[in-house]
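Chain by chain, the residues:
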Amino acid sequence: MADIRVRIAPSPTGPLHLGTARTALFNFLVARHLGGTFVLRLEDTDVARSSIGYEQDILDGLHWLGLEWDEGPDVAGGADRGPFGPYRQMQRLERYREAADRLLAEDAAYPCYCSPDELEADRRAQEAAHEAPRYVGRCARLTPEERAARASEGRRPAIRFRVGQGTVGFEDLIRGEVRIDVANLGGDFVIVRADGTPLYHFTVVVDDAAMRISDVIRGEDHLSNTPKHILLFRALGEPEPRFAHLPLILNADGTKMSKRKSQTAVDDYRAEGFVPEAFVNYLALLGWSTGTEEEVLSLADLVERFDLAQVNRGGARFDRERLEWLNGQWIRRLPDDVLVDRLMPFLERARDAGRIDRLPSRDEVEAILPVVRERLPVLGAIVDLAGFLWVDDLRPDPAAIVPRRWDQATTAEALGAARAVMAGQGPVSWEADELEPALRALAEARGWKAGDLFMAIRVAITGRPVSPPLFDTLVALGYERTVARVDRAIRLLTEEAA
RNA sequence: GCCGCAUUCGUCUAGAGGCCCAGGACACCGCCCUCUCAAGGCGGAGAUCAUCGGUUCGAAUCCGAUAUGCGGUACCA
């Protein structure tokens, strides 16, 4: 099994899709686990739908996930790397042409002059007769004269591959033995359009052969087409690779994952603040498991344990809750400086959007990590959780400041008393373990429930009923700003009353 | 329609003939901790292993049929 070569071959016809990312991941894991080579090839022959923007999104996303490849283009529009290039199919057109000519010369393929209308009519007739749709072979046995006659009518031929008869079998690495009768392939299929551009089933085979791919690892949606590929490998005189068909990722309702029912773009998850460690971890566990009870695994851990033989065969539904849980696990595990790196872009965006007035320094962010990190299901949650620290003009809703069991007057009075205690502490003793006993003592002395007092202060200084632990919050805000906010809250409450 | 693939708690899964009247995780419910929210700890509920039939002393595990789901069936990828 030496010289393992695997590949991911996305089409730049949309943003990086979850399913593509998962297929890329499994290929990557196989390559790294076995010491093989991971190739990236862009299948951009659908010119109308392909774009450089999508190419960029796909390459960026794969880099973000850490799935580095050994051959292929590194950046959108950039040069590619590796001995089997080019790695964009539109730059390989001559090779397909050449391969098609060879098949034509050997009569393994033939020109087909059928018009779309004729094909459509055939299909209708078959449907009416309850037969399986298939190419009827009208052009399969044309004499050179007949071909010339059609060509002179101005008809431009597509090229069809002769599927012949018999049965094609292969040993799928995940599913085991699969056999399909060639009769069920739908007849001779088109490999080159009338306009000369090659079709997917043809280009994959030509390229997988040219790039010496040893193991084709892809989604189950390609399983039924694999016999076509095998026939093509044989006709081209190329060795057949091994095949492995991964179970599909499904929508929550069990149907094939779609943009309509699920969030499928990898970049959307990134924008919410999912970390790549968690994303990769989650994707790896969708359809595969180590066989142990380990769940939180790094890319390196995954590489070490991965084995295609343990991949499941049934499709797996995408479960966002579980992804979020893993994301929390990973956020809790990231080193401080790394977490700060990950958080800063979210804070910059919040500042640009006017949700906070000032961008905190890295040190400021690092300082609050101990109290915020286990409260972040996604990185983006930092703004709701701690944004009050970087807002200049906080205006809490007076009604929200009043605890459930209190009225406005009590709240204003309590805040005034708390303010006095805070002033008593002063900026020099502004420590959590000094503030807490002092404020608890106040509550007890006045017969207030500490929780009520704390909640009033919390909303007064953060504007929200949910925050990191109160005394850490006071310290993070600082003496001056805390007191100013408490004063303002008291003012808001008394004005309201007036 | 035809062909193919699949089927274990709501979800992701463990399980490769006796260790399983089925284990873990997420979600859910309780309790503990607690200034809110989390996190964490402890406990609970939750699967007649799709159904039926067979093989076997013994089946979630092997075989067959059925059902259901999904995929393929393009001059899309």
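So, here's what we can say about the structure.

### What about the pattern of salt bridges?
The full count for this structure, using the stated rule, is 41 salt bridges. With its nearest N and O atoms 2.9 Å apart, the salt bridge here joins Arg41 to Glu43. By relative accessible area, which is 0% here, Arg41 ends up buried. Linking Asp352 and Arg351 is a salt bridge whose minimum nitrogen-to-oxygen distance equals 2.5 Å. Judged by relative accessible area, Asp352 falls into the exposed class, the value being 58%.

### Thoughts on the nonpolar core
Membership of the largest hydrophobic core comes to 114 residues, with the highest contact counts inside it found for Leu308, Phe318, Ile382, Leu415, Leu453, Ile457 and Leu474. If you tally residues by element for this core, the top one is helix α1 (residues 18-34), at nine residues. In this structure Leu308 touches Val30, Leu173, Ile174, Ile217, Ala244 and Leu246, once residues within four positions along its chain are discounted. Core analysis: the second largest hydrophobic core is formed by 35 residues, Ala99, Leu103, Val182 and Leu232 among them.

### Brief notes about the environment of Val30
Along the polypeptide, Val30 turns up in helix α1. A relative accessible area of 6% places Val30 in the buried class. In this structure, the C-alpha to C-alpha distance between Val30 and Arg123, residues 93 residues apart in sequence, is 42 Å. Setting aside residues up to four positions removed in sequence, Val30 forms contacts with Ile4, Val6, Ile217, Phe306 and Leu308.

### Structural notes on the protein's contact with RNA strand B
In the vicinity of RNA strand B, 62 residues are found, and the nearest of them are Gly287, Glu374, Arg375, Arg440 and Arg458. In this structure, a base nitrogen belonging to RNA strand B sits 3.1 Å away from a main-chain N or O atom of Leu470. When contributions to the surface near RNA strand B are tallied by element, the ones reaching two or more residues are β6 (158-161), β8 (176-181), α6 (200-210), β13 (316-317), α11 (320-333), α18 (450-462) and α19 (470-477). Among the elements that take part in the surface near RNA strand B, α11 stands out by supplying five residues, more than any other.

### Here we look at the sheet that holds β6
Pairing in this open sheet of three strands is antiparallel, and the strands run β5-β6-β9 from one edge to the other. Bordering the open sheet on either side are β5 (109-112) and β9 (189-192), each of which pairs with just one other strand. Strand-to-strand twist of the sheet, defined as the mean angle between neighbouring strand axes without regard to direction, takes the value 45°. As paired elements, β5 and β6 share four bridges and run antiparallel to each other. Its bridge partner being in β6, Pro111 is matched across the sheet by Ile159.

### With respect to unusual backbone geometry
For the bond from Gly85 to Pro86, the omega torsion is -5°, close enough to zero to count as cis. Within the secondary structure, Pro86 sits in the loop between β4 (80-81) and α3 (93-105). Even without a glycine there, the phi angle at His130 is positive, about 60°. Of note, His130 is situated in the loop between α4 (116-128) and α5 (144-152).

Conventions adopted
- Residues numbered from 1 in each chain as written.
- Chains lettered and ligands numbered in written order.
- Predicted model: local features only at pLDDT ≥ 70, side-chain atom pairs only at ≥ 80, totals over all residues.
- Heavy atoms only, no water.
- Salt bridge = Lys/Arg side-chain N within 4 Å of Asp/Glu carboxyl O.
- Buried < 20%, exposed > 50% of the residue type's maximum accessible area, 1.4 Å probe, protein only.
- Core = buried A, V, L, I, M, F, W, Y, C linked by side-chain atoms within 4.5 Å.
- Helix = DSSP H or I, 4+ residues; strand = E, 2+ residues; numbered from the N terminus.
- Contact = heavy atoms within 4.5 Å.
- Near = heavy atom within 4 Å.
- Polar contact = N/O pair within 3.5 Å; in protein donor to acceptor, adjacent residues only side chain to side chain.
- Pairing = 2+ DSSP bridges.
- Axes fitted to C-alpha atoms, helices over the stretch in contact; angles between N-to-C directions.

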